[in-house]
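Summary of the model geometry
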Amino acid sequence: MKTIATQVQIEARYYKIGDIHPGTKNIWLVLHGYGQLAHYFIQHFDILDNGSNCIIAPEALSKFYLQGFSGRVGATWMTKENRLVEIENYTNYLQDIYQKEVKDTALPIPGPKINLLGFSQGCVTAVRWLIGKKPLVHRLVLWGGSFPADIDMNKTREILSDMEIVHVYGKQDPFITENRLKEHTQLSENLGISPKTIRFEGVHTIDRDILLKHFS
């Protein structure tokens with residue numbers, strides 16, 4: 001049996017709140033978690049819609065029914081099956097959006113701050129995109145997640161060296177265990193970075209009050 005790969009052109013969707021204009025101060029690229037859809041995820045960020053922010057929410061390419069064979073649909077950035085190809089596919093996809101919405105746009109001078117926020121599975125997705133394609137990002141926010149364990153330490157250290165890093169999680173988040181926190185701390189130390197940490201009373205979710213308080 002032979003494995004044969006082929007390339008196809010696909011149509012993918014993403015969502016925006018606001019536009020880039022001379023008064024834009026922040027561009028937000030926000031990556032949802034496992035089983036979510038960008039249409040709903042971006043609504044957490046409408047609290048930042050003050051005229052000076054542009055929020056862009058790409059949607060993962062793979063869809064599935066959350067329960068059974070019908071009903072609610074979610075999306076995932078990747079699975080373990082053919083993982084390297086899936087990583088290449090979604091990093092190319094994210095780079096295409098970045099090229100269209102940010103790099104090819106006439107940005108105001110001085111340019112707006114470019115923020116990349118990953119939530120849950122979106123955290124590792126964001127970091128892999130940063131490492132693979134090196135988009136210009138001023139601040140990386142890892143919310144309810146951490147760095148992928150299999151990153152290239154030298155490349156990641158170089159890319160993150162001048163970047164603001166923020167780690168956000170709920171104190172009752174069942175996915176952020178003591179072991180996960182220790183792993184995150186150890187990875188941060190190995191990368192030579194000291195992320196700002198924001199903890200809030202809550203679970204595995206985007207907290208709008210925290211967004212407004214720390215990122216508006």
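First, a word on what this report is: a plain description of the structure on this page. (Residues numbered from 1 in each chain as written. Predicted model: local features only at pLDDT ≥ 70, side-chain atom pairs only at ≥ 80, totals over all residues. Heavy atoms only, no water.)

A few words now on a nonpolar patch on the surface. A surface patch of nonpolar side chains, about 290 Å² in accessible area, is lined by Val8, Ile10 and Leu61. Looking at the element boundaries, Leu61 is found in the loop between strand 3 (53-58) and strand 4 (62-65). Residue classification places Leu61 among the partly exposed residues on the basis of a relative accessible area of 32%. (Patch = residues over 30% accessible without salt bridge, like charges linked within 9 Å, V, L, I, M, F, W, Y side chains within 5 Å. Areas by Shrake-Rupley, 256 points an atom, 1.4 Å probe, with all protein chains shown as cover. Salt bridge = Lys/Arg side-chain N within 4 Å of Asp/Glu carboxyl O. Helix = DSSP H or I, 4+ residues; strand = E, 2+ residues; numbered from the N terminus. Buried < 20%, exposed > 50% of the residue type's maximum accessible area, 1.4 Å probe, protein only.)

So, about the pairing of strand 2 (residues 26-31). Where burial is concerned, most of strand 2 is hidden: six out of the six residues are buried. In strand 2, alternate side chains face the same way, and those of Asn26, Trp28 and Val30 on one face and Ile27, Leu29 and Leu31 on the other are all buried. Direction of pairing for strand 2 relative to strand 6 (residues 113-119): parallel, over a ladder of six bridges. Directly across from Trp28, in strand 6, lies its bridge partner Asn115. (Pairing = 2+ DSSP bridges.)

The subject of this paragraph is the pattern of salt bridges. Considering all chains together, one arrives at 11 salt bridges under this definition. In this structure, Glu201 engages Lys171 in a salt bridge whose closest nitrogen and oxygen atoms are separated by 3.2 Å. With Glu201 in the loop between strand 9 (196-200) and helix 6 (208-215) and Lys171 in the loop between strand 8 (164-170) and helix 5 (178-191), this pair connects stretches of sequence that are 30 residues apart. Judged by relative accessible area, Glu201 falls into the exposed class, the value being 57%. Connected through shared salt-bridge partners, Arg13, Glu59 and Lys63 make up one network.

A word on the nonpolar core. The biggest cluster of nonpolar side chains holds 38 residues, and the ones touching the most others in it are Leu116, Leu140, Phe147, Leu160 and Met163. When residues of this core are traced back to their parent elements, those giving at least two are strand 2, strand 3, helix 2 (83-103), strand 6, helix 3 (121-133), strand 7 (139-143), helix 4 (153-160) and helix 5. A per-element tally of this core places helix 2 first, with seven residues. The contacts of Leu140, once residues within four sequence positions are left out, are Leu116, Ala126, Val127, Leu130, Phe147, Leu160, Met163, Glu164, Ile165 and Val166. With 22 residues, the next largest nonpolar core counts Val30, Leu117, Val141 and Val166 among its residues. (Core = buried A, V, L, I, M, F, W, Y, C linked by side-chain atoms within 4.5 Å. Contact = heavy atoms within 4.5 Å.)

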